[in-house]
Amino acid sequence: MNVFAEVEGKVLDALAGLQKAGALPEGLDFSAVAVEQPRDPSHGDLACNAAMVLAKAAKAKPRDIADKLAAALTADPDVASAEVAGPGFLNLRLHPQFWHGVVKAIIDQGARFGASNVGQGAKTNVEYVSANPTGPMHVGHCRGAVFGDALANLLAFAGYDVTREYYINDAGGQVDVLARSVFLRYREALGEEIGEIPAGLYPGEYLKPVGAALAKEHGSSLVNMPEERWLPLVRTFAIEQIMPMIKDDLAALNIKHDIFFSEASLTKGSEDKVQAAVAELRKKGLIYEGRLEKPKGHDDEEWEDREQTLFRSTAFGDEADRALMKADGTYTYFAGDVAYHYDKLTRGFRHLINVFGADHIGYIPRMLATVAAFADGTVERDAKGKLKHWHTTGGTADLDIKVVNLVKLFKNGEPYKMSKRAGTFVTLRDVVDEVGRDPVRFMMLYRKELEQLDFDFAKVTEQSKDNPVFYVQYAHARAASVLRNAREAFPDLVFADGGTVVANLDLLTDAGELDLIRKAAFYPSLIAGAAKAHEPHRVAFYLYDLASAFHGHWTRGNDLPQLRVIQAGDRALTAARCALVASLQHVLSSGLSVLGVGAPEAMR
RNA sequence: GAUCCCAUAGCUCAGUCGGAUAGAGCACCUGCCUUCUAAGCAGGGGGUCGCAGGUUCGAAUCCUGCUGGGAUCGCCA
């Protein structure tokens, strides 16, 4: 049940009626007609902009249209009043019974309340984390991981068919460095004195067990092999050892991907997927042999001007065409990504979402170009040819690139500097272990993803109203607590029977109670809007607002005992209020689960 | 050099598809605990939405040009 959609339906019906009666011309575009929550409660429960957006096309004054619309809507049994205000707003008030119906719907639908079908089951791929498999995850990966996961939850809840995917960069130079580092630890494990780890190799202690495991499996058989023989072997072994570490780190954040896609697999086996993808682009006339200009702003002594295989990404708003082959004849990283995205498209995904760190912003235009090229879509540009958005439109599939900004670490307000050398390198696991999964997840989402985020180790574990995580979880626990107490006061209290409310909700007459219902009723629209915009942070802010309204109403019961949920002498009223509290608890719990944050029954 | 992001209260930030008198938290001031969890709540002061134009019934929101802060640039992944 989405009250906004429902009331919008009433408005559209009324408009159609006016057209039939000749009060409005035929052929009007109603797509801009919207029903929304007015900011000022004195403007009613819901407001509609129909008269203003239709005035021009209908060649009528907004207030005249609004007057006719108001008259038509007043006839609706759910509508208590319809008033015209301001430049032509239509302010609607609905009967309490309508709002009571929302409580019934929430309890009836339970965890499904808020779920929608805006996604229409469209196959959607969310690629996130994709950290290099060279060691445990560090704190820098945290925000993208949580964001991607919450976005995937949100989209699934809104009716998209979501696949969570991780692209393993297991083919480039970095994994060769990993293999050499592990080989050193392998020799160490066999008793060799290896001394200081040479510059350019990974010094981390976490590679010691990997080296030891390698020694256990192969004994000393690799020691005298030439590097070209042991390297591929050790590389595969190391990645097989490290990916479980990464999966463990993700599990600590409650993150589980459906697919781990190996970059190396693109060129392994019988068919070369990179070649196939490039051939596809060539068919579209987007591959050519040519030269690139030397990049500016770099002291690049190794720059070599040569003819090379290029992808014409400038056709889609990129600032330069992009190389697909290195001088040594191997593919560039980008070529692999081209093939990877081609693969995603051939797997039938309609929507692709990539979560990038802010340090990869420069990579965005070429990825948009790649997907637009394969899917015959477009990348919107302004009059000067510059990129307007970070998503493609049209075609058989689209790509949206979400960029998460930096997280600045603090401890008690003091910047917490990370340094590998000083030993204050912070792993993701360190953070989760120190503050817990819920605070990490909630705080990472309590900010628009593109904004920088301050994360204070001390503040996020504070048990006070200054900590939004605690504040929202406390509201849920408080709801659970009052329901427990109500059952104690009335041991056989029943407010709902198998999802059907049996309490008499007509007893919910207090303005604060109705306001809480109105806020809860917004949840389905909030989910749909956040999902369409790919913005999970809206859910976090909504939950904070809802929690705040609940705490406020609760405390009013201090001064006005007649507002308290549990009324010792009045079983029917207690039951009705318990139904309201239970519905709020459902919404809080649902929103928290979209964010991947726990909803505790008690805070102690 | 080029490109991108950001700019809203003293601070940290929300602001739904362009909607009415721009919101919240912190901090500051004033109140509320023999009470269903005060781990909380209510009230108050605080604004040139960076600047200048434009679009329109209406702009924090869209367009153009500036200013300030941050990031990125490769045959690296």
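Residues numbered from 1 in each chain as written. Chains lettered and ligands numbered in written order. Predicted model: local features only at pLDDT ≥ 70, side-chain atom pairs only at ≥ 80, totals over all residues. Heavy atoms only, no water.

Participant: When you look at the overall build of chain A in this model, what are you seeing that I'm missing?
Facilitator: Within chain A one finds 18 helices and 19 strands. Along the longest, intermediate and shortest principal axes, the C-alpha atoms of chain A span 85 × 60 × 45 Å. Sequence-distant contacts, at least 24 apart, represent 70% of the contacts inside chain A between residues at least 6 apart. When the accessible surface of chain A is totalled, it reaches about 28200 Å², and 49% of it is carbon and sulfur. (Helix = DSSP H or I, 4+ residues; strand = E, 2+ residues; numbered from the N terminus. Contact = heavy atoms within 4.5 Å. Areas by Shrake-Rupley, 256 points an atom, 1.4 Å probe, with all protein chains shown as cover.)

Participant: Looking at this structure, I do not really get the sheet that holds strand β1 (residues 35-36). What am I missing?
Facilitator: Paired through backbone hydrogen bonds, the strands of a sheet run either parallel or antiparallel to each other. Strand order in this open sheet of four strands is β1-β2-β4-β3, and the pairing throughout is antiparallel. One side of each edge strand has no neighbouring strand; the edge strands of this open sheet are β1 and β3 (79-85). Here β3 runs beside strand β4 (residues 89-94); their pairing, made up of six bridges, is antiparallel. In the strand pairing of β4, A85 is matched with F89. The strands touched by helix α3 (residues 62-74) within the sheet are β3 and β4, with β3 carrying the most contacts at an inclination of about 175 degrees. (Pairing = 2+ DSSP bridges. Axes fitted to C-alpha atoms, helices over the stretch in contact; angles between N-to-C directions.)

Participant: Would you take a moment to explain the protein's contact with RNA strand B for this structure?
Facilitator: As a matter of local geometry, RNA strand B sits amid 74 residues, with R306, K384, Q463, K465 and Y474 nearest to it. The sugar-phosphate share of atoms of RNA strand B within 4 Å of the protein amounts to 63%. Contacts to RNA strand B include R322, whose side-chain N or O atom sits 2.7 Å from a phosphate oxygen. R478 has a polar side-chain atom sitting 2.7 Å from a phosphate oxygen of RNA strand B. Contributing elements (two or more residues each) for the surface near RNA strand B: α2 (50-58), β4, α6 (173-189), α14 (468-489) and α17 (537-559). Of the residues forming the surface near RNA strand B, the biggest block, ten residues, is contributed by α17. Across the surface near RNA strand B, the residue classes break down as 27 nonpolar, 22 polar and 25 charged. (Near = heavy atom within 4 Å. Polar contact = N/O pair within 3.5 Å; in protein donor to acceptor, adjacent residues only side chain to side chain. Nonpolar A, V, L, I, M, F, W, Y, C, P; charged D, E, K, R; others polar.)

Participant: Just to check I follow, could you spell out the packing of α2 against α3 for this structure?
Facilitator: Remark: α2 packs on α3, axes separated minimally by 8 Å, with the N-to-C direction vectors making an angle of 120 degrees. What the angle tells us is that α2 and α3 run oblique. The handedness of the crossing between α2 and α3 is right-handed. Packed against α2, whose contacting residues are A50, A51, M52, L54, A55 and A58, the element α3 presents P62, I65, A66 and L69 at the interface. Grouping the constituent residues of the contact of α2 with α3 by class yields ten nonpolar, no polar and no charged. (Parallel < 35°, antiparallel > 145°, perpendicular 65-115°, else oblique. Left-handed = near helix turned anticlockwise from the far one by under 90°.)

Participant: I keep staring at the environment of H553 and nothing clicks. Help me out?
Facilitator: In this fold, H553 is placed in helix α17. Residue H553 is classed as buried on the basis of its relative accessible area of 9%. Placed 72 residues apart in sequence, H553 and S481 show a C-alpha to C-alpha distance of 15 Å. (Buried < 20%, exposed > 50% of the residue type's maximum accessible area, 1.4 Å probe, protein only.)

Participant: Would you mind going over the side chain of S313 with me for this structure?
Facilitator: Along the chain, S313 turns up in the loop between β9 (308-311) and β10 (322-323). A polar contact of 2.9 Å, which involves the side chain of S313, links it to the side chain of D318. Leave out the neighbours within four places in its chain, and S313 touches D318, A320, D321, R322 and A369.

Participant: Hey, could you run me through helix α12 (residues 428-435) in this one?
Facilitator: Count 3.6 residues to each turn of an α-helix, and residues three or four apart come out pointing the same way. Those residues of α12 lying buried are L428, V431, V432 and V435. One side of α12 carries all its buried residues, which in axial view fall inside an arc of 95 degrees. Of the surrounding elements, those touching the buried residues of α12 are α5 (142-157), α8 (227-252), α13 (437-445) and β17 (453-456). Following α12 by one or two positions, G436 adopts a phi angle in the positive range, close to 95 degrees. (Arc of directions from axis to C-beta.)

Participant: Teacher, can you tell me more about the sheet that holds β10 here?
Facilitator: With antiparallel pairing, three strands are arranged side by side in an open sheet as β8-β9-β10. Strands with a single pairing partner mark the edges of an open sheet, and in this sheet they are β8 (287-290) and β10. One ladder, built from two bridges, connects β9 with β10; its direction is antiparallel. Note that in β10 the partner of L310 across the bridge is A323.

Participant: For this particular structure, what's the right way to read the pattern of salt bridges?
Facilitator: Once the charged atoms of two side chains with opposite charge are near each other, the side chains can pair. Scanning the model with the defined rule gives 25 salt bridges in all. Residue R164 is joined to D149 by a salt bridge in which the shortest nitrogen-to-oxygen separation is 2.9 Å. In this pair, R164 is assigned in strand β6 (residues 161-168) and D149 in helix α5, connecting sequence segments 15 residues apart. Owing to a relative accessible area of 14%, R164 belongs among the buried residues under this scheme. Among the ionic pairs, R322 bridges to D318, the shortest N-O distance being 2.8 Å. The pair formed by R322 and D318 is uniform in burial state, with each residue classed as buried. In this structure, a network of salt bridges that share partners links the residues E165, K273, D343 and R347. (Salt bridge = Lys/Arg side-chain N within 4 Å of Asp/Glu carboxyl O.)

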